[in-house]
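Below are the chains, spelled out letter by letter.
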Amino acid sequence: MSLRLLSALLLLGLCACGPDAEPSGRFPLALTLERAVANDVQALQVAVVTRGSSRSCTEIQRTCLGTQVRRDDLVVLKDAQGREGRALRFPVDLATLQSGGSLELAVDVPVGRDYALVIEAITTGTPPGFLGSSCNYLREVNAGDNAPVIAAPLTLTGGDCNPSIAP
């Protein structure tokens, strides 16, 4: 079973931070599907891991991220609605994606160096299921404008784990 995110263009831009807030860089994500063969995809879960260069993206993509890293290895993210967590879930509208539309997401990531961005495709249910993931290395996240990043394709592999990550 294979599903690819054709173009997950991550544009890093300026975020609105208050005087007491830690500086962060914003990642608006525009996601489109090449083909939708897995109608089980109900959500995308976005997480950012510290010490990215010491990790193998190939290994990270084989199973749930939450089973591979410690909670403290995940940075706290914030979405456009102000929700915070070590992993953020975004519902997927398959009808829109299958008809060529895109999924628009935005995630604020703390300024820093040596991260890995992981996007997991999951099912919603009890418990949720892992379908596959995408992993990219982020060398540096600056406040303000950053260079665009093209996300690695997401190939569904399936797995017998619960991808839930506590906030």
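All of the points below concern the structure found in this document. (Residues numbered from 1 in each chain as written. Predicted model: local features only at pLDDT ≥ 70, side-chain atom pairs only at ≥ 80, totals over all residues. Heavy atoms only, no water.)

**Regarding the overall build of the protein chain**
Within the protein chain one finds two helices and 13 strands. Here the protein chain holds 167 residues, and the buried ones make up 49% of them. A separation of at least 24 residues holds for 72% of the contacts in the protein chain among residues at least 6 apart in sequence. (Helix = DSSP H or I, 4+ residues; strand = E, 2+ residues; numbered from the N terminus. Buried < 20%, exposed > 50% of the residue type's maximum accessible area, 1.4 Å probe, protein only. Contact = heavy atoms within 4.5 Å.)

**Here's the deal with the state of the cysteines**
Taken as a whole and judged by the stated rule, the model has two disulfides. A sulfur-sulfur separation of 2.0 Å characterises the disulfide bridge that pairs Cys57 with Cys135. Where Cys57 bonds to Cys135 through sulfur, the torsion about that S-S bond is close to -55 degrees, and the disulfide is left-handed. Linking Cys57 in helix H1 (residues 57–60) with Cys135 in strand E11 (residues 129–141), this pair joins segments that are 78 residues apart in sequence. (Disulfide = S-S within 2.5 Å.)

**A word on the environment of Thr126**
Structurally, Thr126 is set in the loop between strand E10 (112–123) and E11. Sequence separation between Thr126 and Asn162 is 36 residues, and the spatial gap between their C-alpha atoms is 9.2 Å.

**As for the sheet that holds strand E5 (residues 43–50)**
Strands sit in the order E8-E5-E10-E11-E13 across an open sheet of five strands; the sheet is antiparallel. The sheet terminates laterally at strand E8 (87–91) and strand E13 (155–156), the two strands that pair on one side only. Pairing geometry for E5 and E8, over five bridges, is antiparallel. What sits directly across from Ala47, in E8, is Ala87. (Pairing = 2+ DSSP bridges.)

**A closer look at unusual backbone geometry**
Even without being glycine, Arg51 reaches a positive phi, approximately 55 degrees. A positive phi is found at Asp114, a non-glycine position, where the angle reads about 60 degrees. Of the residues examined, Asp114 reaches a relative accessible area of 25% and is grouped as partly exposed.

**Observations concerning the nonpolar core**
Formed by 23 residues in total, the largest nonpolar core has its most connected members in Val46, Val48, Leu77, Val107, Val109, Tyr115 and Ala121. Leaving out residues up to four positions away in the same chain, Tyr115 has contacts with Val48, Val49, Thr50, Gly52, Val75, Val109, Pro110, Asn136, Tyr137, Leu138 and Val141. With 12 residues, the next largest nonpolar core counts Cys57, Ile60, Leu65 and Val118 among its residues. (Core = buried A, V, L, I, M, F, W, Y, C linked by side-chain atoms within 4.5 Å.)

**Here we look at the pattern of salt bridges**
This structure, assessed with the given rule, holds six salt bridges. With its nearest N and O atoms 3.6 Å apart, the salt bridge here joins Arg70 to Asp73. We note a salt bridge from Asp79 to Arg83, for which the minimum N-O separation is 2.5 Å. Classification of Arg83 as partly exposed rests on a relative accessible area of 40%. Residues joined in a network through salt bridges with shared partners are Arg51, Arg55, Arg70 and Asp73. (Salt bridge = Lys/Arg side-chain N within 4 Å of Asp/Glu carboxyl O.)

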